[in-house]
Amino acid sequence: MAISKKEVQVTLEEYVCDECNQGVLRLDDCADILQSNPKQYLHHCSNPECESEDVYFTYILPVLVYKEQKFMRADVLRSTASGVSVSTGNK
Ligand SMILES: [Zn+2]
């Protein structure tokens, strides 16, 4: 199976934290995934000094938007597919 590649222009969609207005929401890769339909992923603010509450999102941030469709990181989806918490261990 051949892989065909072409360069496209995508937009990176970030959610800025309401609390500190500095950090952006990032997946907490140690947190459980809510096995709802659709699944929900726990995110927290990337600013270490921020004490905002964690938030669930139905997709993994940041997302890439191409032709009005959202794309998520495949590596994260794979590691979370079973619903078992996976820690990368290099925090
Ligand atoms: Zn924050």
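Look up: the structure comes first, before these words.
Residues numbered from 1 in each chain as written. Predicted model: local features only at pLDDT ≥ 70, side-chain atom pairs only at ≥ 80, totals over all residues. Heavy atoms only, no water.

**A look at a negative patch on the surface**
Link 1 in the chain: A contiguous patch of negative charge, built from D18, E19, E51, E53 and D54, is present on the exposed surface.
Link 2 in the chain: Secondary-structure assignment places E53 in the loop between β4 (40-45) and β5 (55-57). (Patch = residues over 30% accessible without salt bridge, like charges linked within 9 Å, V, L, I, M, F, W, Y side chains within 5 Å. Areas by Shrake-Rupley, 256 points an atom, 1.4 Å probe, with all protein chains shown as cover. Salt bridge = Lys/Arg side-chain N within 4 Å of Asp/Glu carboxyl O. Lys, Arg positive; Asp, Glu negative; His and termini not counted. Charge placed at Lys NZ, Arg CZ, Asp CG, Glu CD. Helix = DSSP H or I, 4+ residues; strand = E, 2+ residues; numbered from the N terminus.)

**A short note on the sheet that holds strand β1 (residues 11-13)**
Link 1 in the chain: Within the open sheet, the 3 strands sit side by side as β1-β6-β7. Their pairing is antiparallel. Two strands lie at the open edges of the sheet, namely β1 and β7 (69-71), each paired on one side alone. Each strand axis lies, on average, 35° off the axis of its neighbour in the sheet, ignoring direction.
Link 2 in the chain: With 3 bridges joining them, β1 and strand β6 (residues 63-66) adopt antiparallel strand pairing. Note on β6: the bridge partner recorded for T11 is V65. (Pairing = 2+ DSSP bridges. Axes fitted to C-alpha atoms, helices over the stretch in contact; angles between N-to-C directions.)

**A closer look at the coordination of the zinc ion**
Link 1 in the chain: On the protein side, the zinc ion has C17 (SG), C20 (SG), C45 (SG) and C50 (SG) as donor atoms, found 2.3 to 2.4 Å from it.
Link 2 in the chain: What the 4 donor atoms of the zinc ion show is an angle range of 105 to 113° at the metal, which sorts the shape as tetrahedral.
Link 3 in the chain: Every donor residue of the zinc ion comes from the same chain, spaced as C-x2-C-x24-C-x4-C. One end of the pair, C20, is in the loop between β1 and β2 (25-27); the other, C45, is in strand β4, and 25 residues separate them in sequence.
Link 4 in the chain: Judged by its relative accessible area of 9%, C45 is buried. (Donors = N, O, S within 2.8 Å, 3.2 Å for Na, K, Ca; no water. Tetrahedral: all angles 85-135°; square planar, octahedral: opposite > 155°, others 65-115°. Buried < 20%, exposed > 50% of the residue type's maximum accessible area, 1.4 Å probe, protein only.)

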